[in-house]
Amino acid sequence: MPESKTRRKNRKPQDGSHAQTYDKPLPKWYKPVMFGLMILGLVWIMVYYISQTLLPIPDIGGWNIVIGFGLAMVGFFMTTGWR
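Residues numbered from 1 in each chain as written. Predicted model: local features only at pLDDT ≥ 70, side-chain atom pairs only at ≥ 80, totals over all residues. Heavy atoms only, no water.

Within the chain, the regular secondary structure consists of three helices and zero strands. Helices and strands in the chain line up, N terminus first, as α-α-α. Classification of the 83 residues of the chain by burial places 17% in the buried group. For the chain, the accessible surface area stands at approximately 7100 Å², while carbon and sulfur atoms represent 67% of it. (Helix = DSSP H or I, 4+ residues; strand = E, 2+ residues; numbered from the N terminus. Buried < 20%, exposed > 50% of the residue type's maximum accessible area, 1.4 Å probe, protein only. Areas by Shrake-Rupley, 256 points an atom, 1.4 Å probe, with all protein chains shown as cover.)

Shown next, in the form of structure tokens:
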């Protein structure tokens, strides 16, 4: 069956001259930082509840939960770039 013109136009070169940039390996610090942020966020929230809202920062109250979830979410967002 003959190919259409649009199919011939969209065909990628077979010689590999256009290397894709997203195949680069990750830096060695990426995974420890990613897992560290997730664990730090979890520990932050646990300390807040175990200390009955006295720690880690007593003056900001419920914002401690936001900080803990924020740290954990940054770690989870980093997992999208993990290869």
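On to the packing of aromatic side chains. Tallied over the full model, the rule gives three aromatic pairs. Here the aromatic rings of Phe35 and Trp82 are separated by 5.6 Å at their centres, their planes lie at 85°, and the arrangement is edge-to-face. Of this pair, Phe35 sits in helix H2 (residues 30–50) while Trp82 is found in the segment after helix H3 (63–78), placing the two residues 47 residues apart along the sequence. Judged by its relative accessible area of 38%, Phe35 is partly exposed. (Phe/Tyr/Trp six-rings, centres within 6.5 Å; stacked < 30°, edge-to-face > 60°.)

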